Amino acid sequence: MSRYLRTSWRVARRALSGPPLPQGAGVLRGLPQPAVGPTAAARVRPVHALLRGAAARQPAADADHAAWLESGMLLGSASVLLGWFLAPSAEPCLSEQKRGGARPSLSPYFIADAAEKVAPAVVNITVEHKYGTRVIGLVATSGGSGFIIDPEGVVLTNAHVVQGLDNHKKTSLAVSMQDGRTFRARVVGFDEQTDLAVLQLEGVNKPLPSAELGTSNKLRPGEWVVVLGSPLQLQNSVSAGIISNVDRKGADLGMRGARTEYIQTDAAINKGNSGGPLVNLEGQVIGISCMTAEFADGVSFAIPVDTAKQVVAQIRKNGKVTRRYLGIKMLELKPDLIAHFQERDPDFPDVKDGILVVHVAPDSPAEIGGIRPGDVITELNGKSVSRTQQMIDAMAQETPISMKIKLIRDGKEVILSFF
């Protein structure tokens, strides 16, 4: 290899020191396509032979040009061979793409595509309150948004959008769709603690477009989301943003008794958006828009769809939500909080996460069952527990189940059962 390169370099220096190349002499026409073989030598030799043959076909008077061509042939062959050995293979690039190293860029229409999938199922809800006398009748209206979750006309929205109606004779619901159709609706049931309500459209004689429900337990901050609804009664409105936080606690928002965490987003959620869907880029509903910070921009909240699924199932079956009562106040343990407790108390359990029992209500099922303040809950029904929402969801399940809680107390594991 090195001998070949040294020969090529000597020929090239001799050719470059000679007379200039005649005009047009460097153009080679009619050369056949070199065969492509599996090895470097098979690739280099056909090109080498072709160029040597082309140099031999030049006129005898053009010896200088032939020498120049020979040097070019040698340098070109050496460059091809050297590049073959030194250049990185294309295979790693392909494997990088397979591993997710190279990701395709988003389409300019990625927001519009996501909105288009769910938009036909989004509805505008108008609440009409009739009051006054027989002579003077007045009608006041309010409303919000919602979306169809069943082709038979089942609508999910916020409880505060329809709360207080209870299908009273002097109030009525008008639900309008994107295509202009309007239906009357009745309230099937609502749950104040999660701020969710289920409506049933009346007069549905053929299947309606419905939204696909996704999942919210694997969301990450920074994911794109789309909000649809009727802000300020402006129907068929779309806004977009990202997820800012996936488990904002009700206590962080000054809400006592809230039984759900919230998805925080910077997408625009205004008055009238309440009850509308928060969707991912697949067009799947991952949350229900519910509120926004009053004196801030880009701070809005949605109810996770996984919470909504449990509530909807109970309302559709029983007309209400029934929850079991345990009677404890809980605190999620994060690494920095665990380090703080361990610094203050060397006997604090050596755990990576879990739920600290802060308070146990007197005569509650928790106290009767043996839970004490200071216990650290690590497992629930055989599954690790790191979030208070997991405990809340277990208490809200429709089907009564026995609960087996594993906790750490005084450095020892304790298992308690509740029925």
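This write-up is about the structure you can find in this document.

Conventions used here
- Residues numbered from 1 in each chain as written.
- Predicted model: local features only at pLDDT ≥ 70, side-chain atom pairs only at ≥ 80, totals over all residues.
- Heavy atoms only, no water.
- Helix = DSSP H or I, 4+ residues; strand = E, 2+ residues; numbered from the N terminus.
- Buried < 20%, exposed > 50% of the residue type's maximum accessible area, 1.4 Å probe, protein only.
- Contact = heavy atoms within 4.5 Å.
- Areas by Shrake-Rupley, 256 points an atom, 1.4 Å probe, with all protein chains shown as cover.
- Salt bridge = Lys/Arg side-chain N within 4 Å of Asp/Glu carboxyl O.
- Polar contact = N/O pair within 3.5 Å; in protein donor to acceptor, adjacent residues only side chain to side chain.
- Pairing = 2+ DSSP bridges.
- Axes fitted to C-alpha atoms, helices over the stretch in contact; angles between N-to-C directions.
- Core = buried A, V, L, I, M, F, W, Y, C linked by side-chain atoms within 4.5 Å.
- 1 Å grid on protein atoms, 1.4 Å probe; cavity = no way out; pocket = protein on both sides within 12 Å on 5 of 7 lines; lining within 4 Å.
- Points joined across faces, edges and corners; volume = space filled by probe spheres on them.
- Nonpolar A, V, L, I, M, F, W, Y, C, P; charged D, E, K, R; others polar.

### Points about the overall build of the chain
Secondary structure assignment for the chain yields 10 helices and 18 strands. Counting over 419 residues, the chain shows a buried share of 40%. Taking the contacts inside the chain whose residues are at least 6 apart along the sequence as the reference set, 61% of them involve residues at least 24 apart. Of the roughly 24200 Å² of accessible surface on the chain, a fraction of 54% belongs to carbon and sulfur atoms.

### Describing the pattern of salt bridges
Taken as a whole, this structure holds 12 salt bridges when the rule is applied. Where Arg220 meets Glu223, a salt bridge forms, and the shortest distance between an N and an O atom there is 3.8 Å. Of the residues examined, Glu223 reaches a relative accessible area of 23% and is grouped as partly exposed. Among the ionic pairs, Lys249 bridges to Asp247, the shortest N-O distance being 3.8 Å. Shared partners join several salt bridges into a network, and the residues in it are Asp247, Lys249, Glu261, Glu332, Lys334 and Arg387.

### A short note on the side chain of Ser239
One can find Ser239 in strand E8 (residues 237-248). Note on Ser239: relative accessible area 17%, which makes it buried. A polar side-chain atom of Ser239 sits 2.9 Å from the main-chain carbonyl oxygen of Ala268. Every residue in contact with Ser239, bar those within four places of it in the chain, is listed here: Val225, Val226, Val227, Ala267 and Ala268.

### Some thoughts on the sheet that holds strand E9 (residues 262-265)
Strand order in this closed barrel of six strands is E7-E8-E9-E12-E11-E10, and the pairing throughout is antiparallel. Strand after strand, the sheet turns through a mean of 45° between neighbouring axes, direction not considered. Pairing analysis gives six bridges linking strand E7 (residues 224-229) to E8, with the strands arranged antiparallel. For Gly229, the partnering residue across the bridge sits in E8 and is Ser237. In the packing of helix H5 (residues 110-118) onto the sheet, the strands contacted are E7, E8, strand E10 (277-279) and strand E11 (285-292), and the crossing angle to E7 comes to about 45°. In this fold helix H7 (residues 305-318) packs onto E11 and strand E12 (300-304), with an angle of close to 50° to the strand it touches most, E12.

### Describing the nonpolar core
Grouped together as the largest cluster of nonpolar side chains are 48 residues, with contacts concentrated most on Ile125, Ile148, Leu156, Leu173, Leu201 and Leu228. Ile328, Met391, Met395 and Met403 belong to the second-largest nonpolar core, a separate cluster that totals 18 residues.

### A closer look at empty space enclosed by the protein
Under the definition given, this model contains two cavities of 30 Å³ or more. Roughly 30 Å³ of volume is contained in the second largest cavity. Lining the second largest cavity, in full, are Val122, Val123, Asn124, Ser176, Met177, Gln178, Gly229, Ser230, Gln235 and Asn236. Of all the elements in the fold, those that place two or more residues in the lining of the second largest cavity are strand E1 (122-132) and strand E4 (171-177). Per-element accounting of the lining of the second largest cavity gives the leading share, three residues, to E1. Taken together, the residues of the lining of the second largest cavity break down into three nonpolar, seven polar and no charged.

### A short note on unusual backbone geometry
Of note in this structure, Asn381 is not a glycine but carries a positive phi near 55°. Looking at where Asn381 falls in the secondary structure, it is placed in the loop between strand E15 (376-380) and strand E16 (383-384). Positive phi outside glycine occurs at Asp410, with the angle close to 55°. By the element assignment, Asp410 lies in the loop between strand E17 (403-409) and strand E18 (412-418). The exposure class assigned to Asp410 is exposed, which follows from its relative accessible area of 73%.

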